[in-house]
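A closer look at the structure
Below are the chains, spelled out letter by letter.
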Amino acid sequence: MFVLHVALQGCLRGDGVAYGLTADTGGHIRYLLDLVRSCAQDATVDRIVVATRLFDSTLGAAYAVPEEAVSGKVTIVRLASASPGYLPKEDLHAEVASFADGLVSWIAAQPTAPDVIHAHYADAAAVAARVEDRLGIPFVFTAHSLGRVKAAAMGHRADADPRLAHRIAAEETALARAALVVASSRDEAEVQYAAYAAYDPGRIRVVPPGSDLARFQGAQPCPRVDATIDRFLRAPLRPALLALARPVARKNLAALVTAYGESPDLQARANLVLVAGTRGDLDDLDGGMAGTMRELLALIDRYDLYGRVAYPKTHRPEDVPALYAYARVRGGVFVNPALNEPFGLTLLEASAAGLPLVATDSGGPNDIVETCGNGLLVDPRDPGAIARACLRILDEPGLRDRFVAGGARAAAAYDWDRHAARYHALLRALGSAEPPMRDPRQLLICDIDNTLVGCDAGLSAFRHWRSEQEGLAFGVATGRSFHSAMAILEQQASPRPQVMITSVGSEIYHLDPNGVSYSVDRPWREAVSRGWDRTAVRAALSDLPDLVAQGPLEQRTHKLSYFGDADTVRRVRARLDAAGLPASLIHSHGRYLDVLPPLASKGTAVDHVRTLYGLGEGNVFVAGDSGNDVEMLRAGRQAIIVANFSDDLASHAALGHSYVARASHARGVIEGVAHFRKTLAHVA
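Right, let's talk about the overall build of the chain for a bit. Secondary structure assignment for the chain yields 25 helices and 26 strands. A compact globule built from 684 residues should have a C-alpha radius of gyration of about 26 Å, and the chain, at 27 Å, falls within 12% of that. Taking the intrachain contacts of the chain between residues at least 6 apart in sequence as the baseline, contacts between residues at least 24 apart amount to 67%. The chain carries 71 positive and 78 negative side-chain charges, and their two centres are separated by 1 Å.

Glancing now at the nonpolar core. Leu241, Tyr324 and Phe334 are the most contacted members of the largest nonpolar core, which has 77 residues in total. With 8 residues, the single largest contributor to this core is helix H14 (residues 383–395). Residues contacting Leu241, with those up to four places away along its chain left out, are Tyr260, Leu266, Ala270, Asn271, Leu272, Val273, Val333, Val335, Cys390 and Leu394. Counting 46 residues, the second largest nonpolar core, distinct from the first, contains Val6, Leu8, Phe139 and Leu175.

Glancing now at the sheet that holds strand S17 (residues 499–502). Within the open sheet, the 8 strands sit side by side as S19-S18-S17-S16-S15-S24-S25-S26. Their pairing is mixed. What marks the edges here is a single partner per strand, and that holds for strand S19 (518–520) and strand S26 (659–660). Of the strands in this sheet, strand S15 (442–446) and strand S16 (472–477) are in contact with helix H18 (residues 456–467), which crosses S16 at around 145°.

As for its placement among the helices and strands, Asp512 is situated in the loop between strand S18 (507–511) and S19. Summary of buried charges: Asp512 has no salt-bridge partner, and the nearest side chain of opposite charge, Arg203, is 6.2 Å away. Contact partners of Asp512, with chain neighbours within four places excluded, come to Pro436, Ser517, Tyr518 and Ser519.

Our focus in this paragraph is the pattern of salt bridges. Under the criterion given, the structure shown has 39 salt bridges. Residues Arg428 and Asp42 are paired through a salt bridge, measuring 3.8 Å at the closest nitrogen-oxygen approach. Of this pair, Arg428 sits in helix H17 (residues 416–431) while Asp42 sits in the loop between helix H1 (27–39) and strand S2 (47–53), and the two are 386 residues apart along the sequence. Looking at Arg428, the relative accessible area reads 36%, which means it is partly exposed.

Take helix H13 (residues 365–372) next. It helps to recall that an α-helix has 3.6 residues per turn; residues three or four apart then point in one direction. Among the 8 residues that make up H13, 6 are buried, leaving the element largely enclosed by the rest of the structure. Each element contacted by the buried residues of H13 is listed here: helix H6 (186–192), helix H12 (345–352), strand S13 (357–360), strand S14 (375–378), helix H15 (397–407) and helix H16 (410–413).

The complete set of buried residues in H15 reads Leu399, Arg400, Phe403, Gly406 and Gly407. The arc that holds the buried residues of H15, viewed along the axis, is 120°, so those residues lie on one side. Summarising the geometry of H15, the exposed residues directed more than 90 degrees from the buried face are Pro397, Asp401 and Arg402.

The subject of this paragraph is the environment of Arg167. Relative to the helices and strands, Arg167 is located in helix H5 (residues 162–177). Taking the relative accessible area as the measure of exposure, Arg167 reaches 13% and is therefore buried. Expressed as a C-alpha distance, the spacing of Arg167 and Ala43, which sit 124 residues apart in the sequence, is 36 Å. With residues near it in sequence (within four places) discarded, Arg167 still touches Lys89, Tyr121, Ala122, Ser145, Leu146, Gly147 and Lys150.

Analysis parameters
Residues numbered from 1 in each chain as written. Predicted model: local features only at pLDDT ≥ 70, side-chain atom pairs only at ≥ 80, totals over all residues. Heavy atoms only, no water. Helix = DSSP H or I, 4+ residues; strand = E, 2+ residues; numbered from the N terminus. Rg over C-alpha atoms; globule rule 2.2 N^0.38 Å. Contact = heavy atoms within 4.5 Å. Lys, Arg positive; Asp, Glu negative; His and termini not counted. Charge placed at Lys NZ, Arg CZ, Asp CG, Glu CD. Core = buried A, V, L, I, M, F, W, Y, C linked by side-chain atoms within 4.5 Å. Buried < 20%, exposed > 50% of the residue type's maximum accessible area, 1.4 Å probe, protein only. Pairing = 2+ DSSP bridges. Axes fitted to C-alpha atoms, helices over the stretch in contact; angles between N-to-C directions. Salt bridge = Lys/Arg side-chain N within 4 Å of Asp/Glu carboxyl O. Arc of directions from axis to C-beta.

Purely geometric stuff here, so don't read any function into it on its own.
Printed below as a string of structure tokens:
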């Protein structure tokens with residue numbers, strides 16, 4: 001497989017990247033270099049090329065070198081475009097046509113054409129779309145950050161800046177044209193992209209990037225690095241609140257300085273350390289970075305923070321582990337106050353180095369903190385909330401210890417080898433489509449958690465069994481969102497479902513003919529919308545005692561999710577009935593409560609799919625393990641309860657017709673299907 005990456009922004013080189021050298025020389029370059037190095041380890045990958053702009057600049061001679069070997073399989077190719085010098089991302093739209101012409105010529109001169117192009121940022125996607133038009137090479141897209149999100153975070157109108165409007169238009173094209181969109185987090189896939197007209201959730205995959213965390217685990221202080229910080233501070237042994245980010249407005253470092261400056265308690269407990277890129281003279285900084293640095297310096301002066309705030313001018317890439325170690329040995333905290341953080345590699349690095357986190361609640365940190373349990377999320381626009389979160393970690397040793405322990409999970413959760421394996425499986429699938437079954441004779445729908453997955457050996461047996469089932473369409477029904485469900489299925493190497501019933505039956509997706517992407521079932525969405533007033537339901541429940549909302553990512557257009565016990569469920573039902581608001585309530589595991597449109601459930605969704613496939617009730621098998629499977633199992637004539645069930649499912653009055661398997665997890669599913677097939681054969 002030959003993969004061609006296109007990345008026009010920033011100062012890209014194979015090693016020694018000067019992060020922060022320009023406003024666009026940031027995390028996406030680190031992501032790309034780590035990705036290609038990991039991908040090069042795969043024996044099925046023959047060649048990887050990164051195509052970027054060639055330019056002359058005082059920034060360095062390396063960027064005018066046409067070709068740079070990174071490793072045996074990886075090469076950086078620099079191609080000229082209309083403008084000879086360095087350009088910020090806001091001006092790159094003018095280079096798309098000329099760069100695309102150069103890239104087409106370069107591809108034509110190669111012994112073999114790339115199998116797929118991976119475009120990084122919107123301008124690269126605009127190039128890839130032109131190449132696809134001329135050469136037919138499909139492309140995948142990674143946004144890294146989005147123009148609409150930036151505009152919203154900065155409080156700007158998206159159409160107020162013509163250059164931002166160009167970027168957003170290119171992002172719309174990318175979402176409409178890309179064969180697949182690779183997102184880093186559920187927030188990106190389900191919230192950020194949803195602001196676009198071309199948003200199509202079924203063509204987005206959440207594949208969290210890895211991070212080379214080995215060099216951060218057990219990171220040790222460096223006297224030279226310590227000295228660059230300590231020279232600013234009167235009491236250098238105090239805990240350090242460390243921020244590491246480019247000085248651009250979106251990183252919101254000013255809010256952190258304000259939080260510190262307005263909190264005497266925080267100033268008494270800790271120092272503030274701002275590692276804001278690398279700079280010489282302020283006037284020489286790229287783009288808006290000079291203005292941001294002046295704002296930070298003005299805030300330090302306004303609050304008279306001299307002796308309590310460090311802001312070193314430079315650091316080397318190899319110094320970063322020592323920066324984290326500096327804060328760790330002083331009992332400090334890593335703070336990321338960005339207005340929006342698409343992913344957050346520095347959060348993983350700091351966590352692996354042993355630091356608890358205070359992070360923005362906008363973007364990828366939601367996923368990181370949920371996965372690792374390594375910090376607190378805050379509203380980045382609320383300096384008081386930032387200060388309170390920092391003080392809480394500093395003042396509660398048990399909480400700090402728990403967050404530090406959570407950081408040890410980061411390396412396992414965010415691993416480049418795991419990322420590369422899933423990424424390559426998707427690329428290969430795009431190149432060798434396995435379209436869904438057109439006329440299935442039977443249909444099997446499984447719950448995911450603790451039914452299909454939960455036992456590695458059982459899932460392995462299921463994969464083999466599934467490969468031998470001619471005429472059987474396979475699908476899943478889950479309380480998870482589409483992207484959450486797809487992530488765990490691909491992580492576990494599950495057979496790809498033909499149909500995905502997600503968000504407790506309120507959404508349905510069907511596998512596309514390319515065998516990789518999915519399309520939303522629009523008739524089902526229209527059906528469940530009837531009689532559903534989400535705003536009114538949410539308002540009616542807003543002041544109900546003991547009803548606690550689940551996280552923002554668990555809330556969907558046709559689903560409101562809460563925590564609550566059985567008594568809470570009864571009060572929710574009474575409140576909705578009194579308000580005349582029809583809704584379906586699904587309670588599971590004694591604590592999860594989903595409020596859905598009256599028509600929505602796993603059971604009604606399965607029946608919709610059965611009708612769509614033209615199958616009789618006797619040709620459908622359903623399998624589950626918990627309370628949120630009751631409606632599906634109740635409605636299914638051939639219902640399977642796996643042996644590891646919860647919520648006293650086997651004794652449920654409405655499920656007497658179900659087959660309770662002796663085997664657990666996926667083996668129980670296989671056993672149940674065999675039981676009902678035998679019964680069908682006997683009846684016949």
